[in-house]
Amino acid sequence: MSVLITLIVIAVLVLAHEWGHFMAARKIGIPVYEFSLGFGYKVWSTVKNGVQYSLRIVPIGGFVRMAGEEPEDQDNPGGFAKRTPLEKSIVSLAGPFMNFFLAFLIFIVCYAVIGIPESTNQPVIGKVMAGKPAAQAGLQAGDRIISINGEQLTTWEDIDRFTGAEQPQSLQFQVERQGKQLSFSITPDKLDLSGKMGIGVINSFVNHRFGILESLKIGLQQTYQWTILLLSSLGIILKGGATMSDLAGPVGITRMVGEFAQIGLVSLLNFAAFLSINLGIMNLLPIPALDGSKIVFAVVETVRRKPMDPDREGFLNWLGFLFLMLVMVVITYNDIVKLFKG
């Protein structure tokens, strides 16, 4: 299930990104040959208004194939290669911009439509995470935890005090369920990649919805704060403060999506917004094959007053693509190692 949810999340983020490129290109007047979701073998396609819309077999990624991008089409008078540096920059920026805008919309939906979960602080279980110690022992949503190891509980913090201990030990739970009292023996375990200890339960909550104007304000604040945080994290990585093992690829993201999905829809959507902002920032990096490099090439063209040699640009893009694939292989390997190590 986590894999399916991850593929849907990634598809939405990629769709928004490529839609930005597509709309900017069409607005400027650059012919678009294909709008594809995915890479590799084409499993479905249709043609509308001269554009081929397709789904390909590898569901991670996508592309917009515009006139003037490929070597044999460089001389197309209406193509990307013949456009002004400003027009090239607009088309290149449109994809990352849509990722930031999508995150903004997600935050608005969370705050204005769904509502933000607010804890009641009662020792009542709101949700039990599948596969975790509580679920394996038989605890259920709605159970009121009366005591742990004989100590009476009055708040949810009392539960965390027992289950969050770094040295796990078997705990004796006394639970009230539909007027009956039941006993369970549960040993806390690591809940996620951070190593946090617990039994896999979430306290009861109520959804608090905000007004549309306040939601717009919060959405902007959240988008800005996450952007600054991710840029700071990127700075730490570039300064050597983090290693490749600290990064997450498709495998790690799939695991995290599953964990957030168990917590609830709002948590999953917030993580999707985080991924969308991350995608926007990564694509703005000046690495050949990414949108950021096209903006750099446009700036160079402005300074030199002539475009870069197509063969040289193509070679740089090839090197950039090779570099990104190597990085992805290393990150995925680390994800798999961490997965088997638990």
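Quick note: structure is the one above.
Note that the coordinates shown come from a computational prediction; the quantities given were computed from them, not determined experimentally.

Cut-off values and rules
Residues numbered from 1 in each chain as written. Predicted model: local features only at pLDDT ≥ 70, side-chain atom pairs only at ≥ 80, totals over all residues. Heavy atoms only, no water. Buried < 20%, exposed > 50% of the residue type's maximum accessible area, 1.4 Å probe, protein only. Helix = DSSP H or I, 4+ residues; strand = E, 2+ residues; numbered from the N terminus. Pairing = 2+ DSSP bridges. Patch = residues over 30% accessible without salt bridge, like charges linked within 9 Å, V, L, I, M, F, W, Y side chains within 5 Å. Areas by Shrake-Rupley, 256 points an atom, 1.4 Å probe, with all protein chains shown as cover. Salt bridge = Lys/Arg side-chain N within 4 Å of Asp/Glu carboxyl O. Phe/Tyr/Trp six-rings, centres within 6.5 Å; stacked < 30°, edge-to-face > 60°. Lys NZ or Arg CZ within 6 Å of the ring centre and 35° of its normal. Axes fitted to C-alpha atoms, helices over the stretch in contact; angles between N-to-C directions. Parallel < 35°, antiparallel > 145°, perpendicular 65-115°, else oblique. Left-handed = near helix turned anticlockwise from the far one by under 90°. Contact = heavy atoms within 4.5 Å. Nonpolar A, V, L, I, M, F, W, Y, C, P; charged D, E, K, R; others polar.

K.L.:
Explain the pairing of strand S5 (residues 144-148) residue by residue, including any values.
P.N.:
Within S5, four of the five residues are buried, which leaves the element mostly enclosed by the surrounding structure. Note that S5 and strand S7 (residues 171-177) share four bridges and pair antiparallel. Looking at the pairing, isoleucine 148 lines up with phenylalanine 173 of S7. Relative to strand S6 (residues 151-152), S5 runs antiparallel, the two sharing two bridges. Residue serine 147 lies in a different strand from S6, and its bridge partner there is glutamine 152.

K.L.:
Any details on a nonpolar patch on the surface? Residues and values, ideally.
P.N.:
A surface patch of nonpolar side chains, about 800 Å² in accessible area, is lined by Phe39, Tyr41, Val43, Trp44, Leu55, Ile57, Val58 and Ile60. Elements with a minimum of two residues in the nonpolar patch: strand S1 (32-48) and strand S2 (51-66).

K.L.:
Pulling in residues and values, what's your account of the sheet that holds S6?
P.N.:
Spatially, S6-S5-S7-S8 is the arrangement adopted by the four strands of the open sheet, whose pairing is antiparallel. Each edge of the sheet is formed by a strand with only one pairing partner; in this case those strands are S6 and strand S8 (180-186).

K.L.:
Let's hear about unusual backbone geometry: which residues, and what values?
P.N.:
Phi at asparagine 49 is positive, roughly 55°, even though this residue is not glycine. For asparagine 49, the location among the structural elements is in the loop between S1 and S2. Classification of asparagine 49 as exposed rests on a relative accessible area of 65%. The backbone of alanine 289 sits at a positive phi, close to 90°, despite the residue not being glycine. Locating alanine 289 in the fold gives a position in the loop between helix H7 (265-283) and helix H8 (291-304).

K.L.:
Describe the packing of aromatic side chains, with residues and values.
P.N.:
Tallying each qualifying case throughout the model produces 13 aromatic pairs. Taking the centre distance of 5.2 Å and the plane angle of 65° together, the rings of tryptophan 226 and phenylalanine 274 count as edge-to-face. One end of the pair, tryptophan 226, is in helix H5 (residues 212-238); the other, phenylalanine 274, is in helix H7, and 48 residues separate them in sequence. What links up through ring pairs into an aromatic cluster is the set Trp19, Phe22, Phe35 and Tyr53. Geometry around phenylalanine 80 places lysine 294 over its ring, the cationic atom sitting 5.7 Å from the centre.

K.L.:
Give me the lowdown on the packing of helix H1 (residues 2-28) against H7, citing residues and values where you can.
P.N.:
It is at 10 Å that the axes of H1 and H7 come closest, and there the two elements cross at 45°. Comparing their axes, H7 and H1 come out oblique. For the element pair H1 and H7, the recorded crossing hand is right-handed. For the pair formed by H1 and H7, the contact residues are Ile5, Val9, Leu13 and His17 on the first element and Leu268, Ala272, Leu275, Ser276, Leu279 and Asn283 on the second. For the contact of H1 with H7, the class distribution of residues is seven nonpolar, three polar and no charged.

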